[in-house]
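Listed below, chain by chain, are the residues.
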Amino acid sequence: MKLTIHHLYADMMNMYGDRGNVISLEKRCEWRGIDAEVLDVNIGESLRPTGCDIFLFGGGQDQEQTLLVEDLSGPKGRELVSIIEDGGVVLGVCGGYQLMGHYYETPEGERLPGLGVMDLHTEPRKPGEERLIGNVLVRVPDPVGDSLREVVGFENHGGRTMLGERAEPLGRVVAGHGNNGRDGTEGARYKNAYGTYLHGSLLPKNPWLTDQLVQAALRHAGEERELEPLDDGAEEEAFRSVAGRVRPRR
Amino acid sequence: MNPLLENLRLPAAILAARAAQFASRALGRGGGSTMPGVVARRVAPAVLKQLSRRLPRSSVALTGTNGKTTTTRMVGGILRIAGVRAVNNSTGANLVTGVTAALVSDADLSGRPASEIGLFEVDEASVPKVAAEADLKILAVLNLFRDQLDRYGELAYTGKVIASAFGDLPSDGAVVLNADDPLVASLGTQASGSRTVFFGVDEPELDTGTLQHVADSKNCPFCGTALVYDTVYLGHVGIYDCPKCSFGRPEPGYRASGLAMDGPRGTSFRLETPTGSRELKIELPGLYNVYNALAAAAVAGEAGVGLDDIVRGLEEFGGAFGRVERIQAGNREAFLLLIKNPVGFNEILRTFVSSSGGTGEADNVLIAINDNDADGRDVSWLWDVDFEMLAEKGARSEAAPPIMVSGVRAEDMAVRLKYAELPVGSVIPDRAEALRSALEATPPGETLYILPTYTAMLDIRKKLSDLGHTHPFWEER
Ligand SMILES: [Zn+2]
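Bear in mind that the values here come from a model prediction, so they are computed numbers and not experimental data.

Visitor: I'd like a rundown of the overall build of chain B, residues and numbers included.
Guide: Helix and strand counts for chain B come out as 16 helices and 17 strands. Expressed as a percentage of its 477 residues, the buried residues of chain B come to 61%.

Visitor: An account of the pattern of salt bridges is requested, with residue identities and associated values reported.
Guide: A pair can form between side chains of opposite charge whenever their charged atoms are brought close. Enumeration over the complete set of coordinates arrives at 43 salt bridges over all chains. Note that Glu223 of chain A is salt-bridged to Arg225 of chain A, the shortest N-O span being 3.7 Å. With relative accessibility at 21%, the residue Glu223 of chain A sits in the partly exposed group. Relative accessible area serves as the criterion here: at 25%, Arg225 of chain A is assigned to the partly exposed category. Here Asp202 of chain B and Arg249 of chain B are joined by a salt bridge, their closest N and O atoms 3.2 Å apart.

Visitor: Break down the pairing of strand β8 (residues 132-141) of chain A for me, citing the residues and quoting the values.
Guide: Successive residues of a regular strand alternate their side chains across the two faces of the sheet. Residue and element names in this part refer to chain A. Burial analysis of β8 places eight of its 10 residues in the buried class, which makes it a mostly covered element. Here 10 bridges tie β8 to strand β9 (residues 148-157), and the two strands are oriented antiparallel to one another. Bridge pairing in β9 links Ile133 to Asn156. With three bridges connecting them, β8 and strand β11 (residues 171-175) associate as antiparallel partners. The partner of Val138 across the bridge, within β11, is Val173.

Visitor: Which residues make up the coordination of the zinc ion, and what values do they have?
Guide: Residue and element names in this part refer to chain B. Within the protein, the zinc ion binds to Cys220 (SG), Cys223 (SG), Cys242 (SG) and Cys245 (SG); these donor distances fall in the range 2.2 to 2.4 Å. Classification of the site at the zinc ion as tetrahedral follows from its four donor atoms and the range of 100 to 119° in their angles at the metal. Counting residues between consecutive donors of the zinc ion along the chain gives the motif C-x2-C-x18-C-x2-C. Of this pair, Cys223 sits in the loop between β6 (195-202) and β7 (228-234) while Cys242 sits in the loop between β8 (237-241) and β9 (254-261); the two residues are 19 residues apart in sequence, bridging distant segments of the chain. The exposure class assigned to Cys223 is partly exposed, which follows from its relative accessible area of 31%.

Visitor: I'd like a rundown of the pairing of strand β1 (residues 59-63) of chain B, residues and numbers included.
Guide: Residue and element names in this part refer to chain B. For β1, the tally of buried residues reaches five of five residues, placing the bulk of the element in the interior. Residue alternation in β1 divides its side chains into two sets, Ser59, Ala61 and Thr63 and Val60 and Leu62, and both sets are buried. Judged from the four bridges that link them, β1 and strand β3 (residues 117-121) form a sheet pairing that is parallel. Within β3, the position partnered with Ser59 by the bridge is Gly118.

Visitor: Which residues make up the packing of aromatic side chains, and what values go with them?
Guide: All names here are of chain B. As enumerated under the stated definition, the model contains 11 aromatic pairs over all chains in all. Here the aromatic rings of Tyr229 and Tyr240 are separated by 5.9 Å at their centres, their planes lie at 55°, and the arrangement is tilted. Here Tyr229 is found in strand β7, whereas its partner Tyr240 is found in strand β8, with 11 residues between them in sequence. Grouped by ring-pair contacts, the aromatic residues Phe222, Tyr229, Tyr240 and Phe247 constitute a single cluster.

Definitions and cut-offs
- Residues numbered from 1 in each chain as written.
- Chains lettered and ligands numbered in written order.
- Predicted model: local features only at pLDDT ≥ 70, side-chain atom pairs only at ≥ 80, totals over all residues.
- Heavy atoms only, no water.
- Helix = DSSP H or I, 4+ residues; strand = E, 2+ residues; numbered from the N terminus.
- Buried < 20%, exposed > 50% of the residue type's maximum accessible area, 1.4 Å probe, protein only.
- Salt bridge = Lys/Arg side-chain N within 4 Å of Asp/Glu carboxyl O.
- Pairing = 2+ DSSP bridges.
- Donors = N, O, S within 2.8 Å, 3.2 Å for Na, K, Ca; no water.
- Tetrahedral: all angles 85-135°; square planar, octahedral: opposite > 155°, others 65-115°.
- Phe/Tyr/Trp six-rings, centres within 6.5 Å; stacked < 30°, edge-to-face > 60°.

So this is what it looks like as structure tokens:
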């Protein structure tokens, strides 16, 4: 079976090391002999799901969000919603995460409609509030078993995302700011769609998360298989080095 | 404040600044490059305005993400040959306080400058402040790349900030812009009060064919449509056109063509200017230095320097501190190449580390990545660097040992190399220890190529200095 990694708006939302997430998925499939292909989906191009897919919906600059909102207001947005409702695997980062909610309010006060598939919205920072920037350590429930696992990453966002009652956070902030710097939540999860502010090279340092996305995509395509373990020594070192620096001391 | 009182304060400000400079040198703190400026401005808030008005040829300022220091030094070299004495701020002092400090130390106690012209490299965000106070005649914008976004926010905003200073230029002044960087070129429409001059490269041979993963602004700054590129040189820099509106790459008045790159040894090209053309060779590697040389030629040309002096100044230019630096370390050589962002990193890999072009000779390589403010706290940009080019067949010599990594983010760098399918050598976060071990691993008589981010470079230079291989930086001129 071939896994297709759909890189949404690869030509514009490529800041903050988005490419790290693509490479992590691609390589970890390749190392296990899973055929994987990366497909860039740009503005004006429609989605082409193949049955075994992961959709990466990356972060970009504010001014580009308007272009994406326009592009998603048509059939493409509707298709992405039905993919998510059907249990398809989607990872939205920064701008992509915000656009999965009800709306995104620009600093000028304009409300850009999102896909509305997640019960959340994003407000601009108020005068005097800082951008939320820095290393983040989040505790995330492991979908397999009920233990908690940790994820490290870097956030850089002005917008504050507020979760609605029906939204499930992706995890709890141990260090850093998360969704809004106030309620201790980070990201959101709905079925197999994940949204997060941990941008760019999120997956390389948290390889179990990469594997979880791959596993979910295979399962969604009807293939039950355990992923064989890889030697993650280097990744674990990188995780430990960041986690060790940011973890609050008691 | 009344002008008489202001003039009375000037000598006091200069005196206080001298004392501050002396004290900070005596304490061995950072070379004393901004402190005198801070002190002088406290005593006489208008000191920068007053001193810069007394420069007979006014001032020129250069800003942009990449190459400020190198280009400013190139202009300095040209002015020296033209016999024009320039006062310039030192590396790492590119805010308004650093510019003030430079002018204060150039003036005598009565406030009379020794120099004829001010030559300043200015941090992007500080341009409006410097333009409002210093008597700028020329402002050059070299490029705008993604760099330390966590400090400035968005790129387009940075462009707006810079353009807001254009109104402070006199009608006989000039805005010098990179024609090949769409965002920078688009600022030209906002330079209404003075003339606008563009520089650019015309060399179809250097088309990389694809927009690199690091390309920052590939959409039309006016209508948002994806730009159509005829040629891509590096990042988002190239020859482009907007398919929807009238925006396109402006015609450069200063142009480089017929480039022949000779790896680390430099580049020959034809320089065309409004006053004539010449063949020349610069001794700095990579296309980015051709851009630096072009910008320097444009700034000097617009400041009234003749073409002969421009060409001589560029040909005799040796390189700038910390950017490209060779240091003899016992019976080995250390070659330091500062890493600032993905575009620069790609250029360095292509020029030195990959031998695909036939000129790469770096076998022994140490990469050191820190994540302090000055390096950029977010290291996700490492994933935008095309390390994959080194994994291609024949890109590294068979005998080359694996790349060594160091820095606060050594482990992140190791993961990046792993996912590019490159073997990883030693992973030693401590810079001093990594340098010692990397020098030891370098065979005598060979060169160790060190690719550090800014603060990692300072750490490594300090270690080299402790080993007796170099001097503290404020001693350099
Ligand atoms: Zn346009």
